[in-house]
Amino acid sequence: MTDPGGGRRPVQTDSAPAAIGAYSQAIIAGDLVHCSGQVALDPVSGEMVGETAVEQAEQVLANLRAVLKAAGASMGQVLKCNVYLTNLDDFAAVNEVYARAFEGGVPPARACVEVSRLPKGALVEVDCVATLQP
(Lines give C-alpha, C1' and ligand atoms only; values in the text may rest on other atoms or scores of the structure.)
Protein backbone atom coordinates (compact mmCIF):
# COMPACT_ATOMS: atom_id res chain seq x y z
CA MET A 1 0.00 0.00 0.00
CA THR A 2 1.53 3.32 -1.07
CA ASP A 3 0.58 6.82 -0.02
CA PRO A 4 -0.48 8.52 -3.29
CA GLY A 5 1.05 11.78 -2.09
CA GLY A 6 4.63 10.81 -1.48
CA GLY A 7 5.68 7.21 -1.85
CA ARG A 8 5.33 6.39 1.84
CA ARG A 9 4.52 2.78 2.65
CA PRO A 10 2.99 1.70 5.96
CA VAL A 11 4.34 -1.35 7.77
CA GLN A 12 1.94 -3.64 9.60
CA THR A 13 2.63 -6.94 11.31
CA ASP A 14 0.65 -9.14 13.66
CA SER A 15 3.97 -9.99 15.37
CA ALA A 16 3.87 -6.62 17.14
CA PRO A 17 1.00 -4.89 18.92
CA ALA A 18 -1.54 -3.16 16.72
CA ALA A 19 -1.47 0.63 16.83
CA ILE A 20 -3.52 1.97 19.74
CA GLY A 21 -4.14 5.29 18.02
CA ALA A 22 -4.14 7.02 14.65
CA TYR A 23 -0.66 5.95 13.55
CA SER A 24 1.14 3.19 11.68
CA GLN A 25 3.51 0.71 13.31
CA ALA A 26 6.12 2.12 10.93
CA ILE A 27 6.42 4.05 7.69
CA ILE A 28 8.96 3.34 4.97
CA ALA A 29 10.05 6.44 3.06
CA GLY A 30 12.88 5.98 0.61
CA ASP A 31 15.54 3.87 2.31
CA LEU A 32 14.41 4.72 5.85
CA VAL A 33 12.05 2.96 8.23
CA HIS A 34 10.46 5.25 10.82
CA CYS A 35 9.14 3.04 13.64
CA SER A 36 6.49 4.36 15.98
CA GLY A 37 7.09 4.04 19.68
CA GLN A 38 6.56 0.61 21.13
CA VAL A 39 5.48 -0.14 24.67
CA ALA A 40 5.44 -3.57 26.32
CA LEU A 41 2.14 -4.82 24.93
CA ASP A 42 1.82 -8.47 24.05
CA PRO A 43 1.04 -8.68 20.32
CA VAL A 44 -1.63 -11.36 20.82
CA SER A 45 -3.44 -10.34 23.98
CA GLY A 46 -2.83 -6.60 23.84
CA GLU A 47 -2.03 -6.74 27.58
CA MET A 48 0.99 -5.11 29.21
CA VAL A 49 3.92 -7.50 29.75
CA GLY A 50 6.14 -7.13 32.82
CA GLU A 51 5.90 -5.22 36.04
CA THR A 52 9.42 -3.75 36.00
CA ALA A 53 11.12 -1.47 33.51
CA VAL A 54 13.59 -4.26 32.70
CA GLU A 55 10.84 -6.78 31.93
CA GLN A 56 9.00 -4.21 29.85
CA ALA A 57 12.17 -3.20 27.97
CA GLU A 58 12.61 -6.81 26.82
CA GLN A 59 9.10 -6.81 25.31
CA VAL A 60 9.48 -3.32 23.87
CA LEU A 61 12.62 -4.34 21.99
CA ALA A 62 11.00 -7.59 20.82
CA ASN A 63 8.11 -5.54 19.44
CA LEU A 64 10.50 -3.15 17.67
CA ARG A 65 12.44 -6.11 16.25
CA ALA A 66 9.19 -7.53 14.82
CA VAL A 67 8.22 -4.23 13.18
CA LEU A 68 11.70 -3.85 11.69
CA LYS A 69 11.58 -7.42 10.36
CA ALA A 70 8.23 -6.74 8.70
CA ALA A 71 9.80 -3.69 7.06
CA GLY A 72 12.77 -5.73 5.80
CA ALA A 73 15.28 -4.38 8.34
CA SER A 74 16.95 -5.53 11.53
CA MET A 75 18.24 -4.10 14.80
CA GLY A 76 21.67 -3.90 13.16
CA GLN A 77 20.30 -1.33 10.71
CA VAL A 78 18.91 1.03 13.35
CA LEU A 79 20.35 4.53 13.06
CA LYS A 80 18.67 6.34 15.98
CA CYS A 81 16.51 5.42 18.97
CA ASN A 82 14.56 7.51 21.42
CA VAL A 83 14.03 5.87 24.81
CA TYR A 84 11.35 7.20 27.15
CA LEU A 85 11.34 6.19 30.83
CA THR A 86 8.83 7.16 33.48
CA ASN A 87 11.64 6.92 36.04
CA LEU A 88 15.21 7.80 35.08
CA ASP A 89 16.39 5.70 38.03
CA ASP A 90 15.67 2.73 35.70
CA PHE A 91 18.25 3.98 33.19
CA ALA A 92 21.12 1.62 34.09
CA ALA A 93 18.97 -1.51 34.20
CA VAL A 94 17.14 -0.68 30.97
CA ASN A 95 20.46 0.24 29.34
CA GLU A 96 21.71 -3.33 29.96
CA VAL A 97 18.70 -4.77 28.12
CA TYR A 98 19.07 -2.18 25.36
CA ALA A 99 22.80 -2.90 24.93
CA ARG A 100 22.10 -6.63 24.44
CA ALA A 101 19.71 -5.79 21.59
CA PHE A 102 22.64 -4.28 19.66
CA GLU A 103 25.44 -6.68 20.67
CA GLY A 104 27.95 -7.44 17.97
CA GLY A 105 27.35 -4.24 16.07
CA VAL A 106 27.69 -0.52 16.31
CA PRO A 107 24.99 0.79 18.63
CA PRO A 108 22.75 3.47 17.13
CA ALA A 109 22.61 7.09 18.18
CA ARG A 110 20.19 7.54 21.05
CA ALA A 111 18.35 9.94 23.31
CA CYS A 112 16.90 8.86 26.65
CA VAL A 113 14.52 11.06 28.59
CA GLU A 114 12.26 10.82 31.60
CA VAL A 115 8.59 11.48 30.92
CA SER A 116 5.68 11.85 33.32
CA ARG A 117 3.43 9.21 31.71
CA LEU A 118 3.32 6.73 28.85
CA PRO A 119 0.35 5.03 27.13
CA LYS A 120 -1.31 2.16 28.99
CA GLY A 121 0.74 2.92 32.11
CA ALA A 122 3.94 1.68 30.46
CA LEU A 123 7.28 2.29 32.14
CA VAL A 124 9.33 2.23 28.91
CA GLU A 125 8.76 3.25 25.30
CA VAL A 126 11.23 3.14 22.41
CA ASP A 127 10.96 4.40 18.85
CA CYS A 128 13.60 4.26 16.14
CA VAL A 129 14.68 5.07 12.61
CA ALA A 130 16.47 2.39 10.59
CA THR A 131 17.96 2.17 7.13
CA LEU A 132 17.00 -0.50 4.61
CA GLN A 133 20.57 -0.45 3.31
CA PRO A 134 22.69 -3.38 4.54
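Since the model is a prediction, treat every value here as computed from it, not as a measurement.

Chemist: Can you explain the overall build of the chain? Please cite residues and give values.
Modeler: When its secondary structure is counted, the chain shows two helices and six strands. When the elements of the chain are put in sequence order from the N terminus, they spell out β-β-β-α-β-α-β-β. The C-alpha extent of the chain, read off along each of the three principal axes, is 45 × 30 × 25 Å. Taking all 134 residues of the chain together, the buried fraction comes to 37%. In the chain, the share of contacts with a sequence separation of at least 24, taken over all contacts with a separation of at least 6, comes to 68%.

Chemist: Explain the sheet that holds strand S2 (residues 26–29) to me, using residue names and the numbers behind them.
Modeler: With mixed pairing, the six strands of this open sheet are ordered in space as S1-S2-S3-S6-S4-S5. Both outer strands of the open sheet, strand S1 (9–11) and strand S5 (109–114), are each paired with one neighbouring strand and no more. The average undirected angle you get between the axes of adjacent strands in this sheet is 15°. Here strand S4 (residues 78–85) pairs with S5 via six bridges, running parallel. Its bridge partner being in S5, Cys81 is matched across the sheet by Arg110. In the packing of helix H1 (residues 53–71) onto the sheet, the strands contacted are S1, S2, strand S3 (32–38), S4 and strand S6 (124–131), and the crossing angle to S3 comes to about 150°.

Chemist: Tell me what's going on with the packing of aromatic side chains, and back it up with residues and numbers.
Modeler: In this structure the tally under the stated criterion is one aromatic pair. Arranged with centres 4.9 Å apart and planes meeting at 50°, the rings of Tyr98 and Phe102 form a pair that is tilted. Judged by its relative accessible area of 7%, Tyr98 falls in the buried class. Its relative accessible area of 6% is what places Phe102 among the buried residues. One residue, Arg110, lies across the ring of Tyr98, its end atom 4.5 Å from the ring centre.

Chemist: I'd like to hear about H1, residue by residue, with values.
Modeler: Taking 1.5 Å per residue, 19 residues should reach 27 Å; H1 reaches 27 Å between its end C-alpha atoms and fits that length. Residues Ala53, Gln56, Ala57, Gln59, Val60, Leu61, Asn63, Leu64, Ala66, Val67, Leu68 and Ala71 constitute the buried set of H1. Positive backbone phi, at 90°, marks Gly72, one or two positions downstream of H1.

Chemist: Tell me about helix H2 (residues 91–101), residues and numbers included.
Modeler: Looking at H2, one finds that the buried residues are Val94, Val97, Tyr98 and Ala101. All buried residues of H2 fall inside an arc of 100° around its axis, so they share one side. Opposite the buried face of H2, at more than 90 degrees from it, the exposed residues are Ala92 and Glu96. Structurally, H2 contributes buried residues whose contacts are with H1, S4, S5 and S6.

Thresholds, definitions, all that
- Residues numbered from 1 in each chain as written.
- Predicted model: local features only at pLDDT ≥ 70, side-chain atom pairs only at ≥ 80, totals over all residues.
- Heavy atoms only, no water.
- Helix = DSSP H or I, 4+ residues; strand = E, 2+ residues; numbered from the N terminus.
- Buried < 20%, exposed > 50% of the residue type's maximum accessible area, 1.4 Å probe, protein only.
- Contact = heavy atoms within 4.5 Å.
- Pairing = 2+ DSSP bridges.
- Axes fitted to C-alpha atoms, helices over the stretch in contact; angles between N-to-C directions.
- Phe/Tyr/Trp six-rings, centres within 6.5 Å; stacked < 30°, edge-to-face > 60°.
- Lys NZ or Arg CZ within 6 Å of the ring centre and 35° of its normal.
- Expected span 1.5 Å × (residues − 1).
- Arc of directions from axis to C-beta.

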